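Descriptive structure summary
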Amino acid sequence: MLTVLTLLPITVGIVLLFLPAERKVWIRGLALGAASTALLLSIWVYVSYDRVVGGYQFLEKAPWVPALGISYH
């Protein structure tokens, strides 16, 4: 979930760079949709956090190049 929260605005920003300036309605709609989605996901993460457990709860770890010890964490 945290990966989506991080990469969503970056990805949409890159997409917006390639839209022509004449498509103002599309640009505004896409930007609003991405911002709204990020806000809703942030609220969901905040509400889902268990304060009793504490600590890191939304960890993501994936090995990328195990032979070199490189992983996404």
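A look at the overall build of the protein chain
A count of helices and strands for the protein chain gives two helices and two strands. Relative to the compact-globule value of 11 Å for 73 residues, the protein chain shows a C-alpha radius of gyration of 17 Å, a clear excess of over 25%. The dimensions of the protein chain, computed from C-alpha atoms along their principal axes, are 50 × 35 × 10 Å. Within the protein chain, the fraction of its 73 residues that count as buried is 11%. In the protein chain, the proportion of contacts linking residues at least 24 apart, taken out of those at least 6 apart, comes to 36%. Here the protein chain has roughly 6,000 Å² of accessible surface; of this, 72% comes from carbon and sulfur atoms.

Digging into the packing of aromatic side chains
This model, assessed by the stated rule, comprises two aromatic pairs. One residue, R23, lies across the ring of W26, its end atom 4.7 Å from the ring centre.

Details of the environment of G69
Tracing the backbone shows G69 in the loop between β1 (62-65) and β2 (70-72). A residue is classified by how much of its surface remains accessible, and G69, at 63% relative accessible area, is exposed.

A word on the environment of P66
You can see P66 is positioned in the loop between β1 and β2. Residues P66 and V53 lie 13 residues apart in sequence; the distance between their C-alpha atoms is 31 Å.

Points about helix α1 (residues 2-17)
The end-to-end C-alpha distance of α1, which contains 16 residues, comes to 24 Å, matching closely the 22 Å that a straight helix rising 1.5 Å per residue would cover. Buried within α1 we find T3, L5 and V12. Elements that come into contact with the buried residues of α1 comprise α2 (24-48) and β2.

Regarding α2
An α-helical turn contains 3.6 residues, so any two residues separated by three or four positions project in the same direction. The end-to-end C-alpha distance of α2 is 36 Å, a good match for the 36 Å that 25 residues give at a rise of 1.5 Å each. When we look at burial in α2, the residues that qualify are A34, A38, L41 and V45. Looking at the buried side of α2, the elements it contacts are α1.

What counts, and at which threshold
Residues numbered from 1 in each chain as written. Predicted model: local features only at pLDDT ≥ 70, side-chain atom pairs only at ≥ 80, totals over all residues. Heavy atoms only, no water. Helix = DSSP H or I, 4+ residues; strand = E, 2+ residues; numbered from the N terminus. Rg over C-alpha atoms; globule rule 2.2 N^0.38 Å. Buried < 20%, exposed > 50% of the residue type's maximum accessible area, 1.4 Å probe, protein only. Contact = heavy atoms within 4.5 Å. Areas by Shrake-Rupley, 256 points an atom, 1.4 Å probe, with all protein chains shown as cover. Phe/Tyr/Trp six-rings, centres within 6.5 Å; stacked < 30°, edge-to-face > 60°. Lys NZ or Arg CZ within 6 Å of the ring centre and 35° of its normal. Expected span 1.5 Å × (residues − 1).

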